[in-house]
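Descriptive structure summary
Residue-level listing of the chains:
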Amino acid sequence: MRHFVLIQYDVTAMKRSESALHRLAHYDALTGLPNRVLLHERLLTAIGAADSGLWLVYLDLDRFKLVNDTLGHRAGDVLLKEIARRLRRAVRPTDTVARLGGDEFVLMFPDMPDEAHMVQAAQRVLDVIAQPLLIDGHEFFPTCSMGAAGYPQDGADQDALMRHADIAMYRAKEAGRNNCQFYASSMNQRMLERLHLEGELRHALERDEFVLHYQPQVELASGRTVGLEALVRWNHPKLGMVPPDRFIGLAEETGLIVAIGAWVMRSACAQNMAWQRAGLPRLRVAVNLSARQFNDRQLIDTVKAVLAETGLPAGDLDIELTESSLMADVDGAVATMHELKALGVQLSIDDFGTGYSSLAYLKRFPIDVLKIDKSFVRDIVASPDDAAIAVSIILLAHTLKLHVIAEGVETAEQLDFLREHGCDDVQGYYLSRPLPAEAVETLL
Ligand code: C2E
Ligand code: CA
Ligand code: CA
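All of the points below concern the structure found in this document. A quick note: this is a predicted structure, and the numbers were derived from the prediction, not measured.

**A short note on the coordination of the calcium ion (ligand 3)**
In the first shell of the calcium ion (ligand 3), the protein supplies Asp350 (OD), Asp351 (OD), Glu407 (OE) and Glu407 (OE), at 2.2 to 2.5 Å from the metal. Linear spacing of the donor residues for the calcium ion (ligand 3) on their chain is D-D-x55-E. Here the calcium ion (ligand 2) and the calcium ion (ligand 3) are spaced 3.9 Å from one another, each receiving a donor from Asp350. What makes Asp350 buried here is its relative accessible area of 7%. Residue Asp351 is classed as partly exposed on the basis of its relative accessible area of 24%.

**Concerning the site of ligand 1**
Residues in close proximity to ligand 1 total 22 residues, the closest being Gln215, Arg233, Asp350, Glu410 and Tyr429. At 3.4 Å, a side-chain N or O of Asp351 approaches an oxygen atom of ligand 1. Between ligand 1 and Tyr429 there is a distance of 2.7 Å, counted from an oxygen atom to a backbone nitrogen or oxygen. Secondary structure elements with two or more residues in the shell around ligand 1: strand E9 (225-236) and strand E13 (346-352). Counting residues per element, the shell around ligand 1 draws most heavily on E9, at 4 residues. Partitioning the shell around ligand 1 into residue classes produces 8 nonpolar, 6 polar and 8 charged.

**Remarks on the layout of surface pockets**
Taken as a whole, the largest pocket spans an internal volume of roughly 1100 Å³. Where the lining of the largest pocket is concerned, the elements lending two or more residues are strand E8 (210-219), E9, helix H8 (248-254), helix H9 (257-277), helix H10 (291-294), strand E12 (317-322), E13 and helix H15 (374-378). The greatest single-element share of the lining of the largest pocket, amounting to 5 residues, is contributed by E9. Grouping the amino acids of the lining of the largest pocket by side-chain chemistry returns 13 nonpolar, 13 polar and 12 charged.

**Some remarks on the nonpolar core**
Counting 76 residues, the largest nonpolar core has Tyr214, Leu317 and Ile319 as the members making the most contacts within it. The element contributing the most residues to this core is H9, with 8 residues. The next biggest cluster of nonpolar side chains, apart from the first, holds 35 residues, and it includes Leu61, Phe64, Val97 and Val119.

**A closer look at the coordination of the calcium ion (ligand 2)**
Coordination of the calcium ion (ligand 2) by the protein comes from Glu229 (OE), Asn288 (OD1), Glu320 (OE) and Asp350 (OD), over a distance range of 2.2 to 2.3 Å. Going along the chain, you hit the donors of the calcium ion (ligand 2) in the pattern E-x58-N-x31-E-x29-D.

**Concerning unusual backbone geometry**
Between Tyr151 and Pro152 the backbone carries a cis peptide bond, its omega angle lying at 0°. In this structure, Pro152 sits in the loop between strand E6 (144-151) and helix H6 (158-174). A positive phi angle, close to 50°, is found at Asp351, a residue other than glycine. As for its position among the elements, Asp351 is in strand E13. Positive phi, normally seen in glycine, also occurs at Lys401, with a value near 60°.

The rules we used
For every chain, the first residue of the written sequence is number 1, and numbering continues from 1 onward in sequence order. In the order they appear in the text, chains get letters beginning with A and ligands get numbers beginning with 1. Local features in this predicted model are restricted to residues of pLDDT 70 or higher, and side-chain atom pairs are both shown and tallied only at a pLDDT of 80 or more, whereas totals for entire chains, interfaces and linings draw on every residue. By convention in this description, side-chain values take in all heavy atoms of the structure and omit both hydrogens and water. Here a donor is any nitrogen, oxygen or sulfur atom (N, O, S) within 2.8 Å of the metal, with 3.2 Å used for Na, K and Ca; water is not among the atoms considered, so some sites may look incomplete. Relative accessibility under 20% of the residue-type maximum defines a buried residue, over 50% an exposed one, and the middle range a partly exposed one, all with a 1.4 Å probe and only protein chains included. We call a residue near a given molecule or strand whenever any one of its heavy atoms falls within 4 Å of it. Whenever two N or O atoms come within 3.5 Å, that pair is a polar contact, provided that in protein one can donate a hydrogen and the other can accept it, and provided that, for residues adjacent in sequence, both atoms are side-chain atoms. Helix numbering and strand numbering both begin at the N terminus, where a helix is a DSSP run of H or I of at least 4 residues and a strand a DSSP run of E of at least 2. Amino acids outside the nonpolar list (Ala, Val, Leu, Ile, Met, Phe, Trp, Tyr, Cys, Pro) and the charged list (Asp, Glu, Lys, Arg) are all regarded as polar, and Gly is one of them. Definitions used throughout: a 1 Å grid over protein atoms alone; a cavity as a set of points that fits a 1.4 Å probe which cannot get out; a pocket as an open set with protein on both sides within 12 Å along at least five of seven lines; a lining residue as one with an atom within 4 Å of a point. Grid points are joined across faces, edges and corners, and a volume is the space filled by probe spheres set on the points. As used in this record, nonpolar core signifies buried Ala, Val, Leu, Ile, Met, Phe, Trp, Tyr and Cys residues forming a set joined through side-chain atoms within 4.5 Å.

Here it is in structure tokens:
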């Protein structure tokens, strides 16, 4: 008697369960992100392939326990899934986002060109995490703390890298959360300060942290205040009043200057209009424009919109440009300046004498005013060279039928010199420091 046992294997089903097993072993069930096992595999491969440019970032949500404790685990899960989605979106497809468990994540960047790019990538992550989110009708403002370690400088193998990124992450917690610390002691301090300032600068507009101070411009012949230069200050909750020299450059590099500059223009025009409506003497308000703003395609529309919204007569707005923003593309600059002039605003060249100061170009620019840079005014009495430069700028301006104003006037002697040589207007500490809006009202 023979027995036949017939066994039929379902190959597809087996394949399916095999891959299900693989998933279970390599991926986190809640978020679908790679887990610790897969992260280690990828890290090993990456270390084998890289001689530099590999970065590991430890990331821990701030105050996650609070969400879990107050709203329950289900809400905590929703938050974790959303964070996972945001992290995936913040990095490139070739980067790895892994979840170790709880609210701990690790990011692996296999090919960063340099440290500066790593700083930017970290900032991007901080930004996407910080977007507010709604869970069960509660609004959350999630933040995270991160620590970064680079291969091979911060650790020669995967254990060292993980450990050091973790240590750096704890430093980020100590530093007040919502930031990224780099393990390397060599990581230069400026870069960190920059990263910090840049993050803060991004929020400064929303948090309404900018203020304008106004510095009077006085007509020498009559002694009357004829204009006010609007100068921006950043009133930071912890750092105090940050002077523009510390953040305008950064705002330029990051492009934030376009939004900040539009705010400055809108606020300055609205303030001027409010003063005029209150019956104060009619003045012109001067606004500084950076190169990036001048070359921004929206510029003309922004100026138009500001004038329309505030109701300020165009002639009461003065735009200060520097030569360096005009020289990169002279034809384009001339065209933009004509568009601005067509709106009716006044145009000034700021810091005149420090740049190209080429007469040939100057004749092509449809401008109204030259501002003698304060560096010449400073030594105008003591240095014959500076005196000669100041005098020639005054002559040049008048030959071209332009108005001329000297900035940085600090003494009576400087004022006398400028008056003697026919300068039209002056601005400087000798007449008044830049003042907050309330103080301007008293002055006027
Ligand atoms: P700036 O356009 O040359 O502005 C004049 C600067 O000289 C101001 O510095 C002013 O406070 C300072 N100042 C005025 N009178 C005197 C004086 O008698 N002696 C001396 N030593 N300094 C005097 P501040 O406010 O620190 O601004 C620095 C620069 O930041 C400005 O130079 C301007 O380039 C930039 N800035 C300020 N506000 C804005 C803005 O809203 N947008 C842009 N793009 N740049 C701005
Ligand atoms: Ca200026
Ligand atoms: Ca200036």
